Amino acid sequence: MNNSTKKPPVVPCPNCGTELVWDTSNSYRPFCSASCKNNDLVAWANEDHAIPGQPLEDVFSEDLDRNY
Ligand SMILES: [Zn+2]
């Protein structure tokens, strides 16, 4: 009935929280800028490294075995 005023969704940037209009012309979406997009990718990469296949304790005991 009243669909004439169609607003684009506004989403917060996952990295810095800045609200931005979701626009298909924004190649950085859902981020507000290229730097935020890169920051998030870096964070993701670090998180991947922080979650190895084995628990940290196993890695530590392996090192201890080598030292002994
Ligand atoms: Zn941002």
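Now for a look at the structure at hand. Remember, it's a predicted structure, so these values are computed and weren't measured experimentally.

Next up on the list: the overall build of the chain. On a plain count of helices and strands, the chain comes out with two helices and two strands. In the chain, the succession of helices and strands from N to C terminus is β-β-α-α. Taking all 68 residues of the chain together, 10% fall into the buried category. When the accessible surface of the chain is split by element, carbon and sulfur atoms take 55% of a total near 6000 Å².

To continue, consider the coordination of the zinc ion. Six octahedral donors around a metal ideally sit at 90 or 180 degrees from one another, while four tetrahedral donors ideally sit at 109.5 degrees. Listed as protein donors to the zinc ion are Cys 13 (SG), Cys 16 (SG), Cys 32 (SG) and Cys 36 (SG); their distances from the metal cover 2.3 to 2.4 Å. Binding-site remark: the zinc ion is held by donors from one chain whose sequence spacing is C-x2-C-x15-C-x3-C. Judged by its relative accessible area of 3%, Cys 13 is buried.

Let us look at the nonpolar core. Grouped together as the largest cluster of nonpolar side chains are five residues: Val 11, Cys 13, Leu 20, Phe 31 and Cys 36. Not counting the four nearest positions on each side in its chain, Val 11 is found in contact with Thr 18, Glu 19, Leu 20 and Trp 22.

Cis geometry marks the peptide bond from Arg 29 to Pro 30, where omega comes out at 5 degrees. Tracing the sequence through the fold places Pro 30 in the loop between strand S2 (19-21) and helix H1 (34-50).

Turning next to the environment of Lys 37. Here Lys 37 is to be found in helix H1. The class of Lys 37 is partly exposed, set by a relative accessible area of 31%. In contact with Lys 37, not counting residues within four places along its chain, are Ser 27, Tyr 28 and Phe 31.

Reading the values: rules and limits
Residues numbered from 1 in each chain as written. Predicted model: local features only at pLDDT ≥ 70, side-chain atom pairs only at ≥ 80, totals over all residues. Heavy atoms only, no water. Helix = DSSP H or I, 4+ residues; strand = E, 2+ residues; numbered from the N terminus. Buried < 20%, exposed > 50% of the residue type's maximum accessible area, 1.4 Å probe, protein only. Areas by Shrake-Rupley, 256 points an atom, 1.4 Å probe, with all protein chains shown as cover. Donors = N, O, S within 2.8 Å, 3.2 Å for Na, K, Ca; no water. Core = buried A, V, L, I, M, F, W, Y, C linked by side-chain atoms within 4.5 Å. Contact = heavy atoms within 4.5 Å.

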